[in-house]
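Residue strings, one per chain:
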Amino acid sequence: SIADLGGWKRVSPPKSTPVFAYTDHIGAISISVSQQPLPTSLNADNQVAELAKKFNATAQIDAGEAPVYIGTSAKGPQSVIFAKKHLLVLIKSQKKIDDKAWSSYIESLN
């Protein structure tokens with residue numbers, strides 16, 4: 001549960017749209033998961049894809065409900081962007097994670 005992981009922490013300024021984050025692991029690799037309400041200006045498919053491009057997250061994997069976009073830096077860390085249940089989710093990893101592990105993790109999110 002989130003409580004077992006240290007709980008949600010607000011990572012946005014107090015007067016802005018709330019963005020909350022928690023830390024977790026996929027295998028032995030640390031990840032930071034943040035989420036915020038999906039902005040009304042974003043269409044869950046087309047504009048999330050455009051936003052992903054700005055993060056250089058251009059690889060796409062299937063993880064259930066919606067497309068998931070992954071960007072991998074030359075040094076290994078990854079950025080993952082997707083929309084799920086009216087939330088915009090951004091995950092950052094410390095190292096490269098296999099696509100199947102990403103897919104399983106994302107599908108497990110409630």
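Residues numbered from 1 in each chain as written. Predicted model: local features only at pLDDT ≥ 70, side-chain atom pairs only at ≥ 80, totals over all residues. Heavy atoms only, no water.

Trainee: Let's hear about the overall build of the protein chain: which residues, and what values?
Mentor: Scanning the protein chain for helices and strands turns up 2 helices and 7 strands. Mapped in sequence order, the helices and strands of the protein chain form the string β-β-β-α-β-β-β-β-α. For the protein chain, the residues scored as buried account for 39% of the 110 residues in total. Put simply, of all contacts in the protein chain between residues at least 6 apart along the chain, 41% involve residues at least 24 apart. (Helix = DSSP H or I, 4+ residues; strand = E, 2+ residues; numbered from the N terminus. Buried < 20%, exposed > 50% of the residue type's maximum accessible area, 1.4 Å probe, protein only. Contact = heavy atoms within 4.5 Å.)

Trainee: Give me the lowdown on helix α2 (residues 99-108), citing residues and values where you can.
Mentor: Residues of α2 that are buried: Trp 102, Ser 103, Tyr 105 and Ile 106. Around the axis of α2, the buried residues are gathered within 165° of arc, so they sit on the same side. On the buried face of α2, the contacting elements are β2 (20-26), β3 (29-37), β4 (59-62), β5 (67-72), β6 (78-84) and β7 (87-93). Put simply, Asp 98 is the residue that caps the front of α2, since its side-chain oxygen is 2.8 Å from the backbone nitrogen of Lys 100. (Arc of directions from axis to C-beta. Polar contact = N/O pair within 3.5 Å; in protein donor to acceptor, adjacent residues only side chain to side chain.)

Trainee: Before we move on, could you go through the sheet that holds β3 and cite the residues and values that matter?
Mentor: With antiparallel pairing, the 7 strands of this open sheet are ordered in space as β1-β2-β3-β7-β6-β5-β4. Edge positions in the open sheet fall to β1 (9-10) and β4, since each of these has one partner strand only. Looking at chain direction, β1 and β2 are connected through 2 bridges and run antiparallel. Within β2, the position partnered with Lys 9 by the bridge is Ala 21. Sheet strands in contact with helix α1 (residues 46-54) are β5, β6 and β7, and its direction is about 165° off that of β6. (Pairing = 2+ DSSP bridges. Axes fitted to C-alpha atoms, helices over the stretch in contact; angles between N-to-C directions.)

Trainee: Outline the confidence of the model for the protein chain, listing residues and values.
Mentor: In the predicted model, the protein chain carries a mean pLDDT of 86, and 88% of its residues have values of at least 70. Taken element by element, the predicted model of the protein chain shows its lowest mean pLDDT in β1 (74) and its highest in β5 (94). (pLDDT = per-residue confidence, 0-100.)

Trainee: Tell me what's going on with the nonpolar core, and back it up with residues and numbers.
Mentor: Ile 91 and Trp 102 are the most contacted members of the largest nonpolar core, which totals 18 residues. Counting residues per element, the ones that place at least two in this core are β2, β3, β5, β6, β7 and α2. Judged by nonpolar contacts, the second largest core, of 10 residues, contains Val 48, Ala 49, Ala 52 and Ala 83. (Core = buried A, V, L, I, M, F, W, Y, C linked by side-chain atoms within 4.5 Å.)

Trainee: Could you give me a rundown of the pattern of salt bridges, with the residues and numbers involved?
Mentor: For the coordinates displayed, the defined rule picks out 1 salt bridge. Between Lys 53 and Glu 50 there is a salt bridge whose closest N-O contact spans 3.3 Å. Of this pair, Lys 53 and Glu 50 both sit in helix α1, separated by 3 residues, roughly a single helical turn. (Salt bridge = Lys/Arg side-chain N within 4 Å of Asp/Glu carboxyl O.)

Trainee: So what's going on with the pairing of β4? Residues and values would help.
Mentor: The pairing of β4 with β5 spans 4 bridges and is antiparallel. Among the inter-strand pairings, Ile 61 is bridged to a residue of β5, identified as Val 68. Linking β4 back to β5 in an antiparallel pair, the connection comprises 4 residues, with Gly 64 at a positive phi of about 100°.

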